[in-house]
Amino acid sequence: QVQLVESGGGLVQAGESLRLSCAASGRTFRSYAMGWFRQAAGKEREFVAAISGSGVTTYYADSVKGRFTISRDNAKNTVYLQMNSLKAEDTAVYYCAARTGYSASYYSSKEYDYWGQGTQVTVSS
């Protein structure tokens, strides 16, 4: 069982930055791929970013590429999402997720086994 707890959400103005954190339980955190997804009101959950267990490989949605950076600290069992140049369309509940098994896909929410409770990010224009 893996527990994930997100933090760092809030209300910011367009152009500002936020850093989300996701703390994970478990002694094998470094073996999990981790992802960030988001869900805006009335929309389906969508992929934002993912990172391999080692942290060497990262993946991004086109909509956030160049503005968001995913990283992880395996010593602290924590994954981060640095969000810069925020836009109103980034407003959503952000979820972190852990993928404990092997899969070739980092983009599909169906590949992830555990989810956090979500943290609200609101960007005012």
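Structure: see above.
By convention here, each chain's residues receive numbers from 1 onward along its written sequence. Where local features are concerned, this predicted model is filtered to residues with pLDDT of at least 70; where side-chain atom pairs are given and counted, the filter is 80 or more; whole-chain, interface and lining totals use all residues. Computation of side-chain values covers all heavy atoms of the structure but excludes hydrogens and water.

Asks: What is the right way to read the pattern of salt bridges from this model?
Replies: A side chain of one charge can pair with a side chain of the opposite charge when the charged atoms of the two come close. Each reported salt bridge corresponds to a side-chain nitrogen of Lys or Arg within 4 Å of a carboxyl oxygen of Asp or Glu. Within this structure, the stated rule accounts for four salt bridges. Glu-46 is the partner of Arg-38 in a salt bridge, and the nearest nitrogen-oxygen pair spans 2.6 Å. The buried category is assigned to Arg-38, whose relative accessible area is 6%. Whether a residue is buried, partly exposed or exposed follows from its accessible area with a 1.4 Å probe, protein chains only, as a fraction of its type maximum: under 20%, in between, or over 50%, in that order. Residue Glu-46 is classed as partly exposed on the basis of its relative accessible area, which comes to 37%. With a closest N to O distance of 2.9 Å, Asp-90 and Arg-38 form a salt bridge. Of this pair, Asp-90 sits in the loop between β8 (78-83) and β9 (92-99) while Arg-38 sits in strand β4 (residues 33-39), placing them 52 residues apart in sequence. Both residues of the pair, Asp-90 and Arg-38, count as buried. One salt-bridge network, held together by shared partners, links Arg-38, Glu-46, Arg-67 and Asp-90. Only DSSP runs of H or I covering at least 4 residues are called helices, and only runs of E covering at least 2 are called strands; the numbering of each starts at the N terminus.

Asks: Sorry if this is basic, but what is going on with the packing of aromatic side chains here?
Replies: One pair of aromatic rings is described through two measures. These are the centre distance and the angle between the planes. Between 30 and 60 degrees the pair is tilted, below 30 it is stacked and above 60 it is edge-to-face, where a pair is any two Phe, Tyr or Trp rings, Trp via its six-membered ring, whose centres lie within 6.5 Å. Within the structure shown, the criterion is met by eight aromatic pairs. Judged by centre distance (5.7 Å) and plane angle (75 degrees), the ring pair of Phe-37 and Phe-47 falls under edge-to-face. Separated by ten residues along the polypeptide, Phe-37 in strand β4 and Phe-47 in strand β5 (residues 46-51) bring together distant segments of the chain. Look at Phe-37 and you get buried, because its relative accessible area is 1%. Exposure remark for Phe-47: the relative accessible area of 11% places this residue in the buried category. Ring geometry for Tyr-59 against Tyr-106: centres 4.2 Å apart, planes inclined by 20 degrees, an arrangement best described as stacked. Here Tyr-59, found in strand β6 (residues 58-60), pairs with Tyr-106, found in the loop between β9 and β10 (114-115); they are 47 residues apart in sequence, far enough to count as distant. Above the face of the Phe-29 ring, Arg-72 is positioned so that its terminal group lies 4.4 Å from the ring centre. Ring-over charges, as used throughout, are those where CZ of Arg or NZ of Lys falls within 6 Å of the ring centre and within 35 degrees of the ring normal. A cation over an aromatic ring shows up here: Arg-99 above the ring of Tyr-106, its NZ or CZ 4.4 Å from the ring centre.

Asks: Would you explain the environment of Thr-58 in this entry?
Replies: Within the secondary structure, Thr-58 is located in strand β6. Classification of Thr-58 as partly exposed rests on a relative accessible area of 34%. Taking the C-alpha atoms as reference points, Thr-58 and Ala-33, separated by 25 residues in sequence, lie 9.8 Å from one another. Throughout, a residue-residue contact means that at least one pair of heavy atoms, one from each residue, lies within 4.5 Å. Not counting chain neighbours up to four residues away, the residues in contact with Thr-58 comprise Ala-50, Ile-51 and Ile-70.

Asks: What is the right way to look at the pairing of β8 in this model?
Replies: It is a general feature of regular strands that their side chains alternate between the two faces of the sheet. With five of six residues buried, β8 lies mostly within the body of the structure. Across six bridges, strand β3 (residues 18-24) lies against β8 in antiparallel orientation. Bridged to Leu-18 within β8 is Met-83. Pairing analysis gives six bridges linking strand β7 (residues 68-73) to β8, with the strands arranged antiparallel. The residue of β8 that forms the bridge with Phe-68 is Met-83. Turn length for the β7-β8 hairpin, with the two strands adjacent in sequence and antiparallel, is four residues, and the turn residue Asn-77 shows positive phi of about 55 degrees. Here the rule is simple: two strands pair whenever DSSP picks up at least two bridges between them.

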